Every structure is written in C-alpha cells, then in structure tokens.
Amino acid sequence: MKGKSNRISRNGLGQLTIPVIALTLLVIFNLIRDPGFFSIGITHNNYGNAVLSGNFISIINGASELAILAIGMTLVTAATKGQDISVGAAAAIAGSVFVKVLKAFSSISVGTVIFAFICSCIVAMLFGAFNGTLVSVFKIQPMIATLILYTCGRSIAYWINGGATPTVSSPVISAIGSFAPGIPIPMPVIIVIIVTAIFYLIFHFTSLELLTQAVGINQSAARLNGINTTFIKLLSFVLLGFCVSVSGCIGVSRLGLINHETLLLDVEMDAILAVAIGGNSLGGGKFKISGSILGAYVIQMLTITLYAMKVSSTDVKAYKAVVIVALVVIGSPVVKEHCRKLFQRTKTQSKGGECECRTL
Amino acid sequence: MRRLTKVAAAVMAFSLCFSLCACGSESEKASGASGSTITVGVVNNPPSESGYREANVKDMESVFSKENGYELKAFYSLKNDEQLQAAQGFITEGVDYLLISAAETTGWDEVLQSAKEAGIKVYLFDRKIDVDESLYEAAVVSDMAKEGETAVNWLLDQKLPEYNVIHIQGAMGSDAQIGRTGALDAQFEAGTMKKVVQQTATWDEAEAKKIVESVINSKEKFNVIYAENDGMAKGAVAALDEAGITHGKDGDVVVIGFDCNKWALRELLSGTWNYDGQCSPFQAKIISDLIKSGKEPSSKVIINEEKGFDAKTITQGDIDTYGLGE
C-alpha cells in the first residue's frame with residue numbers, strides 16, 4: 001500500500017500526467033462555463049437513424065482521424081527520433097485513391113468500399129515505405145525525408161483527382177463517415193477503437209513495442225543485439241501509412257468529397273503535437289500509444305471548447321498555441337526535474353524536522 | 001477557391017525547379033513560332049489550386065489557341081516571387097501581351113514598368129494588383145461584393161419570417177471572403193438578419209462541419225447557412241444531416257454556397273441546397289475580344305458578369321454550361 005502510493009507520488013501517472021491533467025482541466029472549465037456542455041442527447045438523423053449527439057460526441061468523433069494518425073506518428077517518433085510531416089499530404093493521396101477506385105464502379109457496395117480501402121491502404125503504405133526507405137536505408141533525417149512527400153503529396157492527389165474535387169455519394173460511404181444504421185455511435189469512433197485494438201494486439205503478440213523502443217533508445221546497441229534496425233524503422237513508416245490511409249478514408253467519407261487541398265490540412269502538426277502532449281519524447285525511445293490518443297482528444301476538446309465559446313476561428317489558433325505552450329513547458333524535462341526536486345526538498349524537510357525532534 | 005496564402009507556405013525549392021524546367025522547355029518550342037501569331041504570356045496560379053483555377057486555365061488554353069491565332073506561353077505558381085521572375089522572363093522573350101493573375105497584390109511595379117517600356121500590353125485577370133492604373137490596359141475581374149449582394153438580395157426575396165444566419169467565411173483577407181462577407185455584414189448591422197455565428201473555416205469543409213456542429217450542440221436557433229464556397233456548404237450540410245435537421249427547397253434551413261461546382265449545382269437540382277452564387281473563371285474571351293478589337297478598353301476595370309442559381313429554377317442545362325469541374 002505504502003509502496004504503491006510512494007510510486008504514484010514519485011511518478012504520478014507517469015507519462016500520462018500531462019494529458020490527463022489537461023483533459024481534466026478542460027472538462028472542469030467547460031462544466032463551470034456550461035453545466036450541460038457534455039450532455040448527450042439522442043436525435044434522429046436525416047436518414048432516420050437514432051443517433052447520439054452533443055459536444056462530447058462531437059469531440060470524440062471529430063478527433064478520430066487525428067487519434068489514428070497519432071498512433072502511427074508515435075511509432076515513427078519512437079523508432080526514428082523524428083517525425084513524418086507528410087501525413088496530411090499522404091492522407092490526401094490515400095483519400096484520392098479511395099475515391100478514384102470507388103468511381104470506377106458503377107454502384108457502391110460494401111465490397112467495393114473494402115476493395116477501395118485496400119487499394120488506398122496499399123498506396124499509402126507504399127508511400128510510407130518510400131519515406132521509410134529514405135530514413136532507414138539512406139539515413140536521411142525524417143523531417144527532411146518526409147518534406148519531399150509533404151511538398152508534392154497534394155499535387156499527386158491533384159493528378160489522381162484530375163484537378164477536380166470529385167464527390168461520391170452512397171449510403172455505405174455516409175455510414176462510414178457518420179452513422180451506420182442501428183448504431184448510435186459515430187462510425188469513426190468505432191474505427192478508432194478497432195485500429196487501437198489492432199495495435200494493442202500487434203504489441204501483445206509480437207515484440208514490436210520492445211524492438212521499436214530499443215531502436216529508438218540506442219540504435220547501435222540494438223543492432224549489436226541482433227535487431228534489424230533498418231527493418232524496424234521501415235516498418236514504423238509502413239504502419240503509419242496504414243493509419244494515414246484509414247484517416248484519409250474517414251475524412252473523405254465524412255463529406256463524400258475529396259478536396260486534395262483541404263483534406264486533413266495541417267494535421268501533421270496536430271499529430272506531432274498529440275504525440276508530444278501524450279508525454280512521448282519527440283527524441284524517440286520509450287512511448288505510450290495511449291498518451292498520444294489522449295493527446296489527440298485534448299487537442300480536439302480544446303478546439304470544440306473554443307468554438308463553443310464563439311472565439312473567432314481566426315483567433316482559435318492563437319488560443320490553442322497559448323494552451324499548448326503551457327502544456328509542453330509543463331511537460332518539459334527541465335520543469336519536471338524542478339518539480340521533482342521541489343517535491344523531494346519538501347519531503348526531506350519534513351523528514352528532517354522529524355529527525356531533529358527525535359534527537360532533541 | 002483562392003486559398004493562396006495557405007497553400008503558398010507549402011511550395012518549396014524543388015517544385016520551383018520543376019516548374020522552371022517545364023517553363024524553359026516550353027519556351028524553347030515557342031521560339032520557333034512565326035511572327036504572324038500573337039504571343040501571349042500568361043502568369044497564373046496553378047490549376048491544382050482549385051476547381052475555379054482549373055476551369056480558368058482550361059478557358060485560357062482554349063481561347064488563346066493556335067486556331068485563334070495565338071501563341072500561348074503559360075507559367076503557374078502560387079508564389080509571387082516566382083511569378084515575378086516568370087513575368088520578367090516573358091518580357092525578355094518579347095511576348096506581345098502579358099496576362100497576370102497575381103499571387104499577391106504587391107511587388108509588381110518594377111516588372112509592369114519594364115513591360116510598359118518594352119511596349120508589352122498588360123491585362124490583369126481574376127485579381128487586381130496594387131499598381132498605378134497606367135501600367136496595365138485593363139483588369140478583368142469578378143465583383144465579389146456583387147456576388148455577395150446578389151446572394152443576400154435573393155435571400156431577402158425569400159421573405160423568411162426571420163433570418164438566423166450561420167455565416168461560414170473563407171480564408172480571412174481573401175478577395176472572395178471580403179466581398180461575400182460584406183453584403184451579409186451590412187444586413188447584420190441593419191438588424192434585418194441575426195448573426196448566430198460568424199466564423200472562418202478557411203475554405204476547409206471539415207472545419208465548416210465542426211462550426212455548424214458546435215451551433216447545433218449549443219441548441220441555438222438558426223435557419224440560414226451562408227457558406228462562402230461550395231465545399232464549406234457541403235460540410236455544413238453534413239452536420240445538418242447528422243443532427244436530423246432538414247434543409248434545401250422544402251427543408252427548415254436555407255443553404256447557400258458559392259462557386260457553382262457541378263456537384264453543387266446538382267445539389268440544387270435535387271433540392272437539397274437553395275442557392276449557389278457564380279464566380280466566373282471565364283475571362284479569356286473578354287481579354288481576347290479586347291486584343292482583337294485593338295481598341296482601348298472603355299474602363300480600367302471590367303466586371304465579369306455573374307449569375308446566381310436558385311434551386312427552384314435551375315436546369316440541367318445551367319449545370320452543363322456554368323458548372324465547374326465534373
């Protein structure tokens with residue numbers, strides 16, 4: 001009992017301290033502002049399905065793409081000590097492929113959607129492999145390597161789309177992007193749960209988590225221990241490619257439209273931020289997927305809160321920046337170390353006091 | 001739409017290399033052409049910018065074609081400095097006319113001055129530039145403010161018992177945003193319409209959806225969505241669909257979009273939207289007519305005539321004629 005409480009006081013929630021505190025503060029802030037903020041209602045959508053609604057649903061629904069990308073980004077960060085800044089552009093490509101394949105069929109059924117998704121997955125994973133090869137084989141810094149796709153990705157998506165913003169409309173697509181008949185929970189949320197489960201299963205049944213951390217912490221040591229570091233790094237990018245494809249397809253399905261210029265625009269920065277807020281070191285090594293997912297929800301809740309407060313969306317980014325600076329500084333090693341010392345000093349002081357009493 | 005500021009940040013050196021190479025090879029081909037044709041240098045934004053730009057570029061290519069007696073040299077970039085270099089290049093090559101849709105409104109004085117000295121006539125299209133009017137023949141532009149007024153007047157004609165408007169703006173500071181916001185702001189100030197929320201989604205569909213979602217969650221009343229482009233209107237409608245709010249011709253909420261993409265006009269035809277304002281990308285014909293007539297344009301600013309489409313009256317023919325994209 002004492003050991004456990006000591007451990008918690010020493011480590012807090014560990015890595016998750018910052019995202020949990022941030023979420024809690026945001027929840028409290030919103031509840032004070034509007035006690036009914038998180039109330040969940042049931043409405044019937046225009047397709048006649050009973051669905052859940054409310055700010056809470058908006059938050060977990062809206063953060064779906066970001067949460068999925070954050071999972072992949074965490075892996076890349078951990079393995080390569082760098083970030084992939086091309087995820088938004090790659091998602092635009094994945095989404096374009098998805099739409100292109102769907103449009104090749106005269107009618108859209110569940111089967112064709114799955115086929116289109118697999119195609120988009122293959123393409124996104126190939127682009128992931130391209131990034132991964134540059135990073136792992138050619139030893140180019142991740143940010144530089146992915147800058148290439150960041151720059152040309154949306155142009156490639158433009159070629160795929162033939163310059164237009166093609167639309168697809170089908171009950172299957174709107175079921176993926178919003179609500180499936182008979183399920184009151186938004187489909188993107190369910191997809192996040194599925195993807196998270198897939199990754200947890202991968203970590204559970206393989207040693208990928210350990211290997212990734214080993215590569216991230218000390219590459220040479222990992223290699224000397226017989227780990228194929230090149231493969232692990234490449235794999236992290238390919239897995240991110242899978243995440244990119246999933247979020248791209250969700251993004252497209254939400255609106256039934258692919259706009260290569262705006263689909264998941266600037267999401268790469270939010271994804272990196274989610275990883276950072278999640279308490280993961282952007283310098284690689286140890287990581288927690290759950291932290292990054294929480295980070296994604298923090299970012300989304302912040303955005304929704306600001307919208308609900310009718311903060312002008314031109315100012316939203318500035319407010320977001322202020323909160324994020326605060327979070328990142330609090331989570332920085334310097335502040336953490338300082339807090340730890342402060343904590344220890346107060347502890348030893350109180351202990352010292354006890355000792356003096358005794359000697360006296 | 002014209003979201004140049006956002007996209008401009010993403011362009012980098014190697015895309016510049018590509019575009020310059022492409023430009024170079026094109027001009028080599030062109031140098032062999034005979035002197036009887038009119039050489040036109042077009043400095044434009046890349047067709048990938050938007051459906052608008054794609055239609056604009058296609059229009060330029062079809063009007064300034066060999067059959068019509070033109071030699072077209074085109075350069076596309078979202079970056080002002082690249083555009084400036086290209087324009088300077090066209091002047092050195094000695095084109096007859098220079099057509100410019102600038103990425104930014106500033107920095108063009110010197111280039112236009114040297115064009116004037118070289119005797120090259122300059123037409124601006126789509127966007128105006130902050131320079132002395134003597135430096136160009138005419139600017140063929142859309143009147144965005146008029147587009148907004150047309151839409152707002154249409155809205156007033158609907159005689160709704162009350163107007164509670166969700167106003168979703170484009171990228172702040174862009175011509176389209178300023179123009180299309182103006183007319184509605186005037187109504188808000190006059191008190192004829194109530195502003196439920198006024199937010200920019202910077203042309204982003206998903207952002208527009210979030211904005212409307214937050215209004216729905218706050219349970220505020222609204223019956224009009226005024227989105228400054230088609231994509232954002234689609235995002236807004238997605239939020240309405242999820243919340244079970246009817247919209248369009250027979251619905252509770254009036255949906256207004258801009259740009260006349262084909263898919264958006266189809267929404268009008270099927271009655272799920274109410275109104276779509278045109279932003280015409282077809283300036284090439286007007287400029288070509290001016291060039292061929294050889295006359296001095298009557299005014300420095302030539303407004304491109306634009307329409308608005310109503311779900312009640314739109315026809316398939318309108319979609320085929322005026323729709324952009326596919």
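Residues numbered from 1 in each chain as written. Chains lettered and ligands numbered in written order. Predicted model: local features only at pLDDT ≥ 70, side-chain atom pairs only at ≥ 80, totals over all residues.

Colleague: Tell me about the overall build of chain B, residues and numbers included.
Modeller: Along chain B, the regular secondary structure elements total 12 helices and 12 strands. By the burial criterion, 53% of the 326 residues in chain B qualify as buried. Contacts in chain B between residues far apart in sequence, at least 24 positions, make up 75% of those at least 6 positions apart. (Helix = DSSP H or I, 4+ residues; strand = E, 2+ residues; numbered from the N terminus. Buried ≥ 20, exposed ≤ 12 C-beta atoms within 10 Å, placed from the backbone. Contact = placed C-beta atoms within 7 Å.)

Colleague: Which residues make up the overall build of chain A, and what are the values?
Modeller: Each helix and strand in chain A was counted, giving 16 helices and 2 strands. At 23 Å, chain A has a C-alpha radius of gyration in line with the 21 Å of a compact globule built from 360 residues. By principal-axis analysis of the C-alpha atoms, chain A measures approximately 90 × 55 × 40 Å. The buried share of chain A, reckoned over its 360 residues, is 48%. The contacts of chain A with a sequence gap of at least 6 include a subset with a gap of at least 24, amounting to 76%. (Rg over C-alpha atoms; globule rule 2.2 N^0.38 Å.)

Colleague: Please provide a residue-by-residue account of the sheet that holds strand E5 (residues 138–141) of chain B, values included.
Modeller: All names here are of chain B. Spatially, the 6 strands line up as an open sheet ordered E2-E1-E3-E4-E5-E11, and their pairing is parallel. Each edge of the sheet is formed by a strand with only one pairing partner; in this case those strands are strand E2 (70–76) and strand E11 (301–303). Strand-to-strand twist across the sheet, computed as the mean angle between neighbouring axes with direction ignored, equals 20 degrees. Here strand E4 (residues 121–125) runs beside E5; their pairing, made up of 3 bridges, is parallel. Residue pairing in the sheet places Phe125 in a bridge with Val140 of E5. (Pairing = 2+ DSSP bridges. Axes fitted to C-alpha atoms, helices over the stretch in contact; angles between N-to-C directions.)

Colleague: Residue-level account of the domain arrangement of chain A, with values.
Modeller: Residue and element names in this part refer to chain A. The domain boundaries assigned to chain A delineate domain 1 (63–310) and domain 2 (319–346). Computed from C-alpha coordinates alone, the two centres of domain 1 and domain 2 are separated by 29 Å. Taken together, the contact pairs 7 residues of domain 1 with 7 residues of domain 2. Of all elements in the fold, only helix H13 (267–277) and helix H14 (289–308) reach the threshold of two or more residues within the side of domain 1 that touches domain 2. (Domains from an automatic or database assignment.)

Colleague: How would you summarise the nonpolar core if you had to cite specific residues and measurements?
Modeller: Core analysis: the biggest nonpolar cluster contains 152 residues, and Ala70(A), Ile93(A) and Ala236(B) have the highest contact counts within it. Ranked by residues supplied to this core, first place goes to helix H12 (residues 229–255) of chain A with 15 residues. Counting 45 residues, the second largest nonpolar core, distinct from the first, contains Phe75(B), Ile91(B), Ile129(B) and Val140(B). (Core = buried A, V, L, I, M, F, W, Y, C linked by C-beta atoms within 7 Å.)

Colleague: Describe the interface of chain A and chain B, naming the residues involved and giving the relevant values.
Modeller: On the chain B side, the residues contacting the 36 residues of chain A number 39 residues. Of all the secondary-structure elements, those providing two or more residues to the side of chain A that touches chain B are strand E1 (41–44), strand E2 (50–53), helix H3 (55–62), helix H7 (142–161), H12, H14 and helix H15 (313–330) of chain A. Counting residues per element, the side of chain A that touches chain B draws most heavily on H7(A), at 4 residues. By residue class, the composition of the side of chain A that touches chain B is 12 nonpolar, 21 polar and 3 charged. (Nonpolar A, V, L, I, M, F, W, Y, C, P; charged D, E, K, R; others polar.)

Colleague: How would you summarise unusual backbone geometry if you had to cite specific residues and measurements?
Modeller: Residue and element names in this part refer to chain B. Even without glycine at this site, Lys159 takes up a positive phi of about 50 degrees. Tracing the backbone shows Lys159 in the loop between helix H6 (144–157) and strand E6 (164–169). Judged by C-beta crowding, with 6 C-beta atoms within 10 Å, Lys159 ranks as exposed.

Colleague: Lay out the packing of helix H5 (residues 87–104) of chain A against H13(A) in plain terms, naming residues and giving numbers.
Modeller: For any two helices packed against each other, one specifies the crossing angle of their axes together with the interaxial distance. Residues and elements named next belong to chain A. At a closest axis distance of 7 Å, the pairing of H5 and H13 adopts a crossing angle of 125 degrees. Classified by the angle their axes make, H5 and H13 are oblique. Within the contact between the two elements, H5 uses Val87, Gly88 and Ala91 and H13 uses Val267, Glu268 and Ala271. (Parallel < 35°, antiparallel > 145°, perpendicular 65-115°, else oblique.)

Colleague: Residues and numbers for the domain arrangement of chain B, please.
Modeller: According to the domain assignment, chain B consists of domain 1 (37–141 + 281–295) and domain 2 (144–279 + 310–322). Summarising the inter-unit geometry, the C-alpha centres of domain 1 of chain B and domain 2 of chain B are found 32 Å apart.

Colleague: Got a sec to walk through the sheet that holds strand E10 (residues 275–277) of chain B? Specific residues and values, please.
Modeller: Residue and element names in this part refer to chain B. The sheet built from 6 strands is open, its strands ordered E7-E6-E8-E9-E10-E12 with mixed pairing. The open sheet has two free edges, formed respectively by strand E7 (194–200) and strand E12 (308–310), since each of these has just one partner strand. In this sheet, adjacent strand axes meet at a mean angle of 15 degrees when their direction is disregarded. Pairing between E6 and strand E8 (residues 224–227): 4 bridges, direction parallel. For Ile168, the partnering residue across the bridge sits in E8 and is Ala227.

Colleague: Can you lay out the pairing of E4(B) for me, pointing to particular residues and giving the numbers?
Modeller: For a regular strand, side chains alternate in direction, first toward one face of the sheet and then toward the other. Residue and element names in this part refer to chain B. Burial of E4 is extensive: 4 of the 5 residues sit out of reach of the surface. Taken together, the 4 bridges between strand E3 (residues 97–100) and E4 define a ladder with parallel strand orientation. Residue pairing in the sheet places Ile100 in a bridge with Leu124 of E4. With helix H5 (residues 109–117) bridging E3 and the parallel E4, this β-α-β connection has right-handed handedness. (Right-handed = clockwise from strand over helix to strand, strands pointing away.)

Colleague: Could you give me a rundown of the packing of helix H4 (residues 64–80) of chain A against H12(A), with the residues and numbers involved?
Modeller: All names here are of chain A. For the pair H4 and H12, interaxial distance at closest approach is 8 Å and the crossing angle is 170 degrees. Here H4 lies roughly antiparallel to H12, going by the angle between them. Contact with H4, carried on its side by Ser64, Glu65, Ile68, Leu69, Ile71, Gly72, Met73, Leu75, Val76, Ala79 and Thr80, involves Ile232, Lys233, Ser236, Phe237, Leu239, Leu240, Cys243, Val244, Val246, Ser247, Ile250 and Gly251 of H12 and no other residues of that element. Considering only residue class, the contact of H4 with H12 consists of 15 nonpolar, 6 polar and 2 charged.

Colleague: Explain the confidence of the model for chain A residue by residue, including any values.
Modeller: Residue and element names in this part refer to chain A. On average, residues of chain A score 90 in pLDDT, and 94% of them are at 70 or above. Here helix H1 (residues 2–11) stands out as the least confident element of chain A, with mean pLDDT 50; helix H6 (residues 110–136) is the most confident, with 97. Across residues 355–360, confidence stays below pLDDT 50; counting only partners more than four residues off in sequence or on other chains, it has 0 contacts. (pLDDT = per-residue confidence, 0-100.)

Colleague: Lay out the pairing of E5(B) with the relevant residues and their values.
Modeller: The pairing of E5(B) with E11(B) spans 3 bridges and is classified as parallel. Paired with Ala139(B) across the bridge in E11(B) is Val301(B).

Colleague: Describe the confidence of the model for chain B, and please don't skip the residues or the numbers.
Modeller: Residue and element names in this part refer to chain B. For chain B, mean pLDDT is 87; residues scoring 70 or higher make up 89% of the total. Per-element confidence in chain B is highest for E8, whose mean pLDDT is 97, and lowest for helix H2 (residues 13–30), whose mean pLDDT is 43. Confidence drops under a pLDDT of 50 for residues 7–35, and excluding neighbours within four residues, the segment shows 24 contacts in the predicted structure. Both confidence scores are given for the complex: pTM 0.83, ipTM 0.87.

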